[in-house]
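Analysis of the macromolecular model
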Amino acid sequence: MTDGPGGGAGAGLARVSSELLAMSRHLEVRDVLKTIVVSARELLDAEYSALGVPDDHGGFAQFVVDGVSDEQWKAIGPLPRQHGILAAMLKDATPQRLADVRQDPRFEGWPGAHPDMSDFIGLPIADGDEVLGALFLANKRCPKPEGGCGFTESDEELLGILAQHAAIALTNARLYERSRELTIAGERARLAHELHDAVSQKLFSLRLTAQAATALVDRDPVRAKEELHQITLLAAEAADELRAAVVELRPAALDEDGLVATLRTQIQVLDRAHSARVTFSSQGMRALPAAQEEALLRVAQEALHNALRHADARHVGVSLIRQGQGARLRITDDGSGFDPSAVRRAGRHLGLVSMRDRAGGVGGAMTVDSAPGMGTVIEMEVPGG
C-alpha cells in the first residue's frame, strides 16, 4: 500500500467503508463476501485473498477467493477442510501473521494446482463470541525484510477494522436472507424488529471503531481524520437506508405462485414505484425445478435493482421464454451502461459475481452485454429438470 496526496491508509479505509456500507443495499451474503475479499486484497496490496465461512461438519459452507482465476480455482479442486492454520484462526480466534506459511509447523500442504504462497496474514471475523469466518491474505507486493513478513503490524490493525466491518455486513445479510425465507407474518414482523435492533447497535459500534481508527494513521493526520469522519457519516446514512429496507422486506411468493406470476407481480410493483417504464413478457413457460426458478428470480431482481437504482434507465424490459426443457431470461435497459471488464471498480457490479454464481450453480450460464452510454443486456439460460 502506497502513500501520497489523497491516498494512504485513511483514504483506503474510507473507500472500504463506503463499499461495504453500499453493499448493505443488496444484502446478499455472497456479494458481501466477495466485497470483503476484494477490498482486503486491495487495501493491503496482496496478491491473494480468501474468506471461508465454516459449516458444522469440518468444512466450509462458503469459500470466496480473489486473485485466482476461474481456471485455477477449478484446477485446485474441492474446498479446503478446517485444518492447519485455518483451523487455528477459527478455533482460537487469534490473528496470524507469518513470514512464510510453508514453514509453519501447522502447515499441511496444498493441492498441486494451488498458487505458491509465502508471507501470510489472517484473522477471524467474529460477532461477539461467534466466529463467522476466517479472512486471510498472502504474498504482499513489497520488498520483504530478510526472513520477515511483508505484512506489518499496521496491516494487521487495518485488517482488524475491516473484519469488524465484515462482521456487521455479514450479520445484516444473514438476517435479511433469513427474513426472505419466513412465511408466517408474525415471524416476519419479529425478524424485521430484530434486524432493526441489530443494525442500530452494530452501526453504533462502527462509529466507535471509526473514531478509534484515527490512532492508526500518522502519515497525514488531518486528512486521515477527515476521511475517517466520513465513515461516521456513511454509517449514519446506512442506518437510515436499512431502516427503510426493513419496511420493504417481504417473502418471495415463488412456492405459492410460481416463477411467472411472481416476476409479473414484482415488476408491476416496480413499474408503479419508479419513473422508468418496467415491462414483462413470458412465452411458453412451464414449471422448472425449484433451484432453477429461485436462481432466475434472484438474477432478475438483482438486474432490475441495478437498472432502476444505478443506470438511470427510462425503460427496462424483462422477458422469460421457454427454451427446450429449460428457460431463457433476458433483462434489457436503456440506461448509462458500464464496462463489464471493470466490474471490480464499481461496488454495485460485484452483484454480477453473485448472479453468475447463481446461474452456474444450477447448470446455467449468464452473459452481460454493456458499454458506457449504451445500456445493458443480461441474459441467463438454465436447463430443465
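Residues numbered from 1 in each chain as written. Predicted model: local features only at pLDDT ≥ 70, side-chain atom pairs only at ≥ 80, totals over all residues. Heavy atoms only, no water.

**Looking at the overall build of the chain**
Assigned secondary structure in the chain consists of 11 helices and 10 strands. By the burial criterion, 47% of the 385 residues in the chain qualify as buried. Sequence separation of 24 or more characterises 64% of the internal contacts of the chain that already satisfy a separation of 6 or more. Here the chain has roughly 18,100 Å² of accessible surface; of this, 50% comes from carbon and sulfur atoms. (Helix = DSSP H or I, 4+ residues; strand = E, 2+ residues; numbered from the N terminus. Buried < 20%, exposed > 50% of the residue type's maximum accessible area, 1.4 Å probe, protein only. Contact = heavy atoms within 4.5 Å. Areas by Shrake-Rupley, 256 points an atom, 1.4 Å probe, with all protein chains shown as cover.)

**Let's talk about the sheet that holds strand β4 (residues 120-127)**
Strand order in this open sheet of 5 strands is β2-β1-β5-β4-β3, and the pairing throughout is antiparallel. Edge positions in the sheet fall to β2 (60-66) and β3 (96-98), since each of these pairs with one other strand and no more. Within the sheet, the average angular offset between the axes of one strand and its neighbour, ignoring direction, is 15°. As defined by bridge partners, strand β1 (residues 46-54) adjoins strand β5 (residues 130-140) across 6 bridges and the pair is classed as antiparallel. When the sheet's bridge partners are listed, G52 is paired in β5 with A134. (Pairing = 2+ DSSP bridges. Axes fitted to C-alpha atoms, helices over the stretch in contact; angles between N-to-C directions.)

**Comments concerning the confidence of the model for the chain**
Averaged over all residues, the pLDDT of the chain equals 76, while 70% of them reach at least 70. Long-range and interchain partners of residues 1-7, a stretch whose pLDDT sits below 50, account for 12 contacts in this model, where long-range means more than four residues apart. (pLDDT = per-residue confidence, 0-100.)

**Quick notes on helix α9 (residues 259-273)**
With 15 residues, α9 extends 21 Å from end C-alpha to end C-alpha; this agrees with the ideal 21 Å at 1.5 Å per step. Along α9, the residues classified as buried are L259, T262, L263 and I267. Take α9 and look down its axis: the buried residues cluster within an arc of 120°, on one side only. (Expected span 1.5 Å × (residues − 1). Arc of directions from axis to C-beta.)

**Observations concerning the pattern of salt bridges**
Scanning all chains against the criterion turns up 12 salt bridges. Between D155 and K140 there is a salt bridge; the shortest N-O distance is 3.3 Å. Here D155, found in helix α5 (residues 153-181), pairs with K140, found in strand β5; they are 15 residues apart in sequence, far enough to count as distant. The class for K140 is buried, based on a relative accessible area of 7%. (Salt bridge = Lys/Arg side-chain N within 4 Å of Asp/Glu carboxyl O.)

**Side note on the packing of α9 against helix α10 (residues 290-309)**
Interaxial distance between α9 and α10 falls to 11 Å at its minimum, and their mutual angle equals 15°. As far as their axial angle goes, α10 and α9 are roughly parallel. The two elements α9 and α10 cross, and the hand of that crossing is right-handed. Contacts from L259, T262, L263, Q266, I267 and L270 in α9 reach E293, L296, L297, A300, Q301, L304 and L308 in α10. Residues that form the contact of α9 with α10 fall into these classes: 9 nonpolar, 3 polar and 1 charged. (Parallel < 35°, antiparallel > 145°, perpendicular 65-115°, else oblique. Left-handed = near helix turned anticlockwise from the far one by under 90°. Nonpolar A, V, L, I, M, F, W, Y, C, P; charged D, E, K, R; others polar.)

**Description of the packing of aromatic side chains**
For the structure on display, the rule yields 3 aromatic pairs. Pairing F63 with F136 gives two aromatic rings, centres 6.1 Å apart and planes at 50°, and the pair type is tilted. Linking F63 in strand β2 with F136 in strand β5, this pair joins segments that are 73 residues apart in sequence. Just as F63 is buried, F136 falls in that class too. Each ring, one from F120 and one from F136, has its centre 6.0 Å from the other, and the planes form 25°; the classification is stacked. (Phe/Tyr/Trp six-rings, centres within 6.5 Å; stacked < 30°, edge-to-face > 60°.)

**Considering the sheet that holds strand β10 (residues 376-382)**
One open sheet holds the 5 strands; their spatial order is β6-β7-β8-β10-β9, and the pairing between them is mixed. Each of the sheet's edge strands pairs with one partner strand only, and the pair in question is β6 (277-283) and β9 (365-370). Each strand of the sheet is rotated relative to its neighbour by a mean of 10°, with strand direction disregarded. Where strand β7 (residues 315-323) lies against strand β8 (residues 326-333), 8 bridges are found, and the strand directions are antiparallel. The residue of β8 that forms the bridge with S319 is R330. Contacts between α10 and the sheet are confined to β6, β7, β8, β9 and β10, with β8 contributing the most and set at about 5° to the helix.

**Description of the nonpolar core**
The biggest cluster of nonpolar side chains holds 33 residues, and the ones touching the most others in it are L296, L329, M366 and M380. Among the elements of the structure, α9, β6, α10, β7, β8, α11 (351-361), β9 and β10 are those that each provide at least two residues to this core. Here this core gets 9 residues from one element, more than from any other, and that element is α10. In this structure M380 touches A295, L296, V299, A327, R328, L329, A359, A365 and M366, once residues within four positions along its chain are discounted. Of all hydrophobic cores here, the second largest spans 30 residues; its members include I121, I125, A167 and A173. (Core = buried A, V, L, I, M, F, W, Y, C linked by side-chain atoms within 4.5 Å.)

**Overview of the pairing of β6**
Direction of pairing for β6 relative to β7: parallel, over a ladder of 7 bridges. In the sheet register, S282 faces β7, and the bridge partner there is L320. Viewed along the sheet, the connection from β6 through α10 into β7 turns out left-handed. (Right-handed = clockwise from strand over helix to strand, strands pointing away.)

**Concerning the environment of R81**
In this fold, R81 is placed in the loop between α3 (70-76) and α4 (84-92). Looking at R81, the relative accessible area reads 46%, which means it is partly exposed. For R81 and G58, which are 23 residues apart along the polypeptide, the C-alpha to C-alpha distance reads 6.1 Å. Apart from residues no more than four positions distant in its own chain, R81 is found in contact with H57, G58, G59, F60 and L86.

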